[in-house]
Amino acid sequence: MKKNFFIVVALIAALSGILFGYDTGVISGAILFIKDEFALSPQLNGLVVSAVLFGALLGAIISGRLTDRFGRKNLLIVDAIIFIIGTLGSSLATHLSALIISRVVVGIAIGIASYIAPLYISEIAPAKYRGAMVSLNQLAITLGILLSYIVDTVFAESQAWRWMLGMGIAPAIFLLIGMIFLPYSPRWLMSRGREAEALQALKKINGQDNRACLEQLQLIKNSLQQQRGNWRTLFSAPICTTLFIAGGLAFLQQVTGINTIIYYAPTIFQMAGFHSATAAISTTMIVGVAFVLFTILALPLVDSLGRRFLLLTGLAAMCLSLGLLSWTFHLQHPGDALKQLTLISMLVFIAGFAISLGPIVWLMIAEIFPLKIRGLGASMATCINWSSNWLVAATFLSLISWIGASGAFFIYFALSIFAIVFVYLWVPETKGCTLEDIEANLYAGKPARRLGEKPTNPSPV
Ligand code: BGC
């Protein structure tokens, strides 16, 4: 196995994570100036911000069949071009409609990248490093968000929102160039009947051990003996089990409230008593840095401690902090105690998410579906993720004015408890297991929680 080669592959694919994080995060700063330039009403303001979420949902819906047909690599190349077009369009827009359309285009690119990059990495990674390599994508998302906060701060003085949006073009160009040189996923090549090329790709990735490559090829071939994948198969047994796990995790990743922090951290800090905008924004920067650091910590743990342990531990931390946030906002003691408790709770929440739902949800979406239907299944779970994201983003502020911050955080707290139950009962431990083993277990009729067990004759890693 050529370790350096894997790292280069994963880094390039993770550039799409940077784009995901950057393009979702950058609008929080840019909108302040866009609002003035286009004299936006609150409704239009909301439309500009949520255009990306709508686009992402669209991107996830339209790309599922395409990724199984044209391949992960080709779609990522096209996606980089869509990113470039959307970024240029939004940073040069002189009319509001052009800006909104371009932000939808950027959203489409994000929706496609959000699941195809993890899927591509999971299909080329060896089982024992798969968790860490796919989680690089999540690290890239958090870095992208942090980068967007920094760029926003740098250009805030000059009110240069076009530069804020436009800077996203750099990672898109790197992604485009990098992807051209990377191999196709051998698993996808096999699913298109391109056996000789699949063998070449396996040799390129795993080294020249012909026997091991042939064995792996045979396992991939076996997994393709199953019926052809279409929408109906996705909802029929046993594949609906994988949709249930991936879709459930995708939903829970959002409804436990991560993006209330990512999109509204300054607002929450202001409610807690950090009155000046500068104090609220710099405290937000602490959250951004902590997010990156905790995600780095999670990378090696995904393959050693395993997915279930991290999910359960991280969710417990998220429950604790959401309970604390709900309680502190309920007491409403003004002053330093409230400020400190809010900041500590948010950091615990971020730490919990960074080691659990952050990396592991995208990882599971990429590894749990059988090959024949992997693109379609992952795109379906991604649609669930983006619609839940939109639901939370659209309702958070109304929820606060309706039942207060304490009530809103209590709802996310209750949903996190439900997430613990969900993970405990249904999520399998897939650490160290090959994608073909997971698939074999599924077709052997094993229940959801046991899909990651080693079959009696495990496949070579
Ligand atoms: C989630 C996003 C979130 C991001 C934060 C991703 O895994 O899907 O909704 O904004 O993590 O880093």
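Everything here concerns the structure above.
Computed from a predicted model, the values in this text were never measured in an experiment.

Chemist: Describe in detail unusual backbone geometry, supporting the description with residues and values.
Modeler: The omega torsion of the bond from A237 to P238 falls at -5°, within 30 degrees of zero and hence cis. With respect to the helices and strands, P238 occurs in the loop between α12 (231-235) and α13 (239-255). The residue A39 is not glycine, and still its phi comes out positive at about 45°. Among the secondary structure elements, A39 is positioned in the loop between α2 (27-37) and α3 (42-70). Of note, Q159 is a non-glycine position whose phi angle comes to about 55°, a positive value. Topologically, Q159 is positioned in the loop between α6 (130-156) and α7 (161-166). Judged by its relative accessible area of 49%, Q159 falls in the partly exposed class.

Chemist: An account of the layout of surface pockets is needed here, citing residue identities and associated values.
Modeler: The calculated volume of the largest pocket comes to roughly 1200 Å³. Taken together, 39 residues line the largest pocket, and the ones lying closest to its centre are S28, G29, I31, L32 and Y263. At the level of secondary structure, the elements contributing two or more residues to the lining of the largest pocket comprise α1 (3-25), α2, α3, α6, α14 (258-271), α15 (277-304) and α19 (374-426). Of the residues assigned to the lining of the largest pocket, the class counts are 22 nonpolar, 14 polar and three charged.

Chemist: Give me the state of the cysteines: which residues, what numbers.
Modeler: Under the counting rule described, the total for this entry stands at zero disulfides. Take C383: it sits in no disulfide, and the sulfur closest to it among the cysteines is that of C240, at 18 Å. On the basis of relative accessible area, C383 is assigned to the buried category, the value being 11%.

Chemist: A description of the packing of α14 against α19 should follow, citing residues and the corresponding values.
Modeler: The interhelical angle for the contact between α14 and α19, taken along N-to-C directions, is 40°, at an axis separation of 10 Å. With respect to their mutual orientation, α14 and α19 come out oblique. Judged by the sense of rotation from one axis to the other, the crossing of α14 with α19 is right-handed. Each of N259, T260, Y263, Y264, T267, I268 and M271 in α14 lies in contact with α19, whose residues at this interface are N389, V392, A393, F396, L397, I400, A405, F409 and Y412. Each residue belonging to the contact of α14 with α19 can be placed in one class, and the counts come to 12 nonpolar, four polar and no charged.

Chemist: Help me get a handle on the packing of aromatic side chains, residues and values and all.
Modeler: By convention here, two paired aromatic rings are described through the distance between centres and the angle between planes. Under the definition given, this model contains 14 aromatic pairs. A ring pair is formed by F20 and W362, whose centres lie 6.2 Å apart and whose planes are at 80°; its orientation type is edge-to-face. Here F20 is found in helix α1, whereas its partner W362 is found in helix α18 (residues 357-367), with 342 residues between them in sequence. For the pair F20 and W362, one class covers both residues: buried. Ring geometry for F155 against W163: centres 6.2 Å apart, planes inclined by 15°, an arrangement best described as stacked. The exposure class of W163 is exposed, given its relative accessible area of 53%.

Chemist: Report on the pattern of salt bridges, specifying residues and quantitative values.
Modeler: Under the counting rule described, the total for this entry stands at 12 salt bridges. We note a salt bridge from R307 to D303, for which the minimum N-O separation is 3.1 Å. Its salt-bridge partner being E453, residue R450 comes within 2.9 Å of it at the nearest N-O pair. Here E453 falls in the partly exposed class, since its relative accessible area comes to 32%.

Chemist: Before we move on, can you summarise the environment of K339 with the specific residues and values?
Modeler: Topologically, K339 is positioned in helix α17 (residues 336-355). Once the C-alpha coordinates of K339 and Q270 are considered, the two residues, 69 residues apart in sequence, prove to be 9.2 Å apart. Here K339 is in contact with A272, G273 and F274, once residues within four sequence places are set aside.

Chemist: Talk me through the side chain of D68; I want residue IDs and the actual numbers.
Modeler: Considering the arrangement of structural elements, one finds D68 in helix α3. Side-chain polar atoms of D68 contact the backbone nitrogen of G375, separated by 2.9 Å. Ignoring anything within four residues of it in the chain, the contact list for D68 reads W188, R192, L371, K372, I373, R374, G375 and L376.

Chemist: Lay out the site of the ligand in plain terms, naming residues and giving numbers.
Modeler: Near the ligand, the surroundings consist of 14 residues, among which Q138, Q253, Q254, N259 and W362 are the closest. Taking Q138, its side chain carries an N or O atom lying 2.8 Å from an oxygen atom of the ligand. At 2.9 Å from an oxygen atom of the ligand is found a side-chain nitrogen or oxygen belonging to W362. Expressed as a share of its isolated accessible area of 310 Å², the protein-covered part of the ligand is 99%. With respect to the detected pockets, the ligand is housed in the largest cavity. Elements with a minimum of two residues in the shell around the ligand: α6, α13, α18 and α19. A total of four residues in the shell around the ligand trace back to one element, the largest contributor, which is α6. Residue composition of the shell around the ligand, by class: six nonpolar, eight polar and no charged.

Chemist: Please give an account of α2 that cites residues and values.
Modeler: Of all the residues in α2, the buried ones are I27, G29, A30, I31, F33 and I34. At the exit of α2 stands A39, carrying a positive phi of roughly 45°.

Chemist: Please set out the nonpolar core residue by residue, giving values where relevant.
Modeler: Among the nonpolar cores identified, the biggest contains 145 residues, and I34, L99, W161 and F409 are the most heavily contacted of them. Here the element with the most residues in this core is helix α5 (residues 96-124); it accounts for 17 residues. The next biggest cluster of nonpolar side chains, apart from the first, holds 12 residues, and it includes W188, L202, L217 and I220.

The rules behind these values
- Residues numbered from 1 in each chain as written.
- Predicted model: local features only at pLDDT ≥ 70, side-chain atom pairs only at ≥ 80, totals over all residues.
- Heavy atoms only, no water.
- Helix = DSSP H or I, 4+ residues; strand = E, 2+ residues; numbered from the N terminus.
- Buried < 20%, exposed > 50% of the residue type's maximum accessible area, 1.4 Å probe, protein only.
- 1 Å grid on protein atoms, 1.4 Å probe; cavity = no way out; pocket = protein on both sides within 12 Å on 5 of 7 lines; lining within 4 Å.
- Points joined across faces, edges and corners; volume = space filled by probe spheres on them.
- Nonpolar A, V, L, I, M, F, W, Y, C, P; charged D, E, K, R; others polar.
- Disulfide = S-S within 2.5 Å.
- Axes fitted to C-alpha atoms, helices over the stretch in contact; angles between N-to-C directions.
- Parallel < 35°, antiparallel > 145°, perpendicular 65-115°, else oblique.
- Left-handed = near helix turned anticlockwise from the far one by under 90°.
- Contact = heavy atoms within 4.5 Å.
- Phe/Tyr/Trp six-rings, centres within 6.5 Å; stacked < 30°, edge-to-face > 60°.
- Salt bridge = Lys/Arg side-chain N within 4 Å of Asp/Glu carboxyl O.
- Polar contact = N/O pair within 3.5 Å; in protein donor to acceptor, adjacent residues only side chain to side chain.
- Near = heavy atom within 4 Å.
- Areas by Shrake-Rupley, 256 points an atom, 1.4 Å probe, with all protein chains shown as cover.
- Sits in = over half its atoms within 2 Å of the grid points.
- Core = buried A, V, L, I, M, F, W, Y, C linked by side-chain atoms within 4.5 Å.

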